[in-house]
Amino acid sequence: MDKIEIRRATKEDIGLVRDLVMELAIFEKAPEEVSSTIDDYVEEGFSDNPLFFANLIYLNGELGGFSLWYYRFSTWKGRRFYLEDLYIKESYRGKGLGKRLIMEAIEEAKRTQCTGMMWQVLDWNQPAIDFYNTLGVKMDAGWLNVHLDL
């Protein structure tokens, strides 16, 4: 039987996290958009007031993927859990790792008294959309993503 292990990423894991972020960017057809550095990850994830947290997931001792999240405040709903990224390496997909990671994220959101979770999915990523629908999620229509690069 396969052994699945999830653990919180440490400062020493940042290289692994950054490598997985790059794999995700390639999967999403936007590797040139990644401008964060290892130093950014160390500073923002492992300072006195970290801006993000991450979990790594292993299958039989081999790194299979990660999730990265942070907390935000909604003026309407209060404390919210924002799942920035969830990525499973291609060769590990279909083995239940994504479900385990998202269920762990849901439990973390509950443990930290969040009123809910939010994340995004690309409209062309039908396998992910189908997977998220099995969780009973609501997908917002009518909202556009807005960003300003500085």
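Refer to the structure presented above.
All figures in this text were calculated on a predicted structure; none of them were measured in a lab.

Draft legend 1. Representation of the nonpolar core in the model. Counting 17 residues, the largest nonpolar core has Phe81, Leu83, Leu86, Ile88, Leu97 and Met117 as the members making the most contacts within it. Broken down by secondary-structure element, the contributors of at least two residues to this core are strand E2 (53-59), strand E4 (78-88), helix H3 (97-111) and helix H4 (126-133). Ranked by residues supplied to this core, first place goes to H3 with 5 residues. Setting aside its immediate chain neighbours within four residues, Phe81 contacts Trp69, Tyr70, Tyr71, Ala105, Glu108, Ala109, Cys114, Gly116, Met117 and Met118. In this structure, Ile14, Val17, Leu24 and Tyr58 belong to the second largest nonpolar core, which totals 15 residues.

Draft legend 2. How the structure looks around the side chain of Asn55. Its location among the elements puts Asn55 in strand E2. Each residue touching Asn55, except ones within four places of it in the same chain, is listed here: Ile6, Arg7, Arg8, Ala9, Gly65, Phe66, Ser67, Trp69, Leu101 and Glu104.

Draft legend 3. Structural view of the pattern of salt bridges. Inspection of every chain in the model, using the stated rule, returns 5 salt bridges. Among the ionic pairs, Arg8 bridges to Glu108, the shortest N-O distance being 3.4 Å. With Arg8 in strand E1 (residues 4-8) and Glu108 in helix H3, this pair connects stretches of sequence that are 100 residues apart. Judged by its relative accessible area of 10%, Glu108 falls in the buried class. Between Arg111 and Glu104 there is a salt bridge; the shortest N-O distance is 2.7 Å. What makes Arg111 partly exposed here is its relative accessible area of 49%. Salt bridges here are not isolated pairs; linked through shared partners, they connect Arg8, Glu104, Glu108 and Arg111.

Draft legend 4. Examining the environment of Lys29 more closely. In this structure, Lys29 sits in the loop between helix H1 (14-27) and helix H2 (38-45). For the pair Lys29 and Ser67, spaced 38 residues apart in sequence, the C-alpha separation works out to 19 Å.

Draft legend 5. Layout of H3. For H3, spanning 15 residues, the distance from its first C-alpha to its last is 21 Å, which sits close to the expected 21 Å at 1.5 Å a residue. Residues of H3 that are buried include every one of Leu97, Gly98, Leu101, Ile102, Ala105, Glu108 and Ala109, and no others. The buried side chains of H3 occupy one side of the element, clustering within an arc of 130° when seen end-on. Where H3 is buried, its residues touch E1, E2, strand E3 (62-74), E4, strand E5 (117-118) and H4. Gln113 occupies a position one or two residues after H3 and carries a positive phi of about 55°.

Calculation criteria
Residues numbered from 1 in each chain as written. Predicted model: local features only at pLDDT ≥ 70, side-chain atom pairs only at ≥ 80, totals over all residues. Heavy atoms only, no water. Core = buried A, V, L, I, M, F, W, Y, C linked by side-chain atoms within 4.5 Å. Buried < 20%, exposed > 50% of the residue type's maximum accessible area, 1.4 Å probe, protein only. Helix = DSSP H or I, 4+ residues; strand = E, 2+ residues; numbered from the N terminus. Contact = heavy atoms within 4.5 Å. Salt bridge = Lys/Arg side-chain N within 4 Å of Asp/Glu carboxyl O. Expected span 1.5 Å × (residues − 1). Arc of directions from axis to C-beta.

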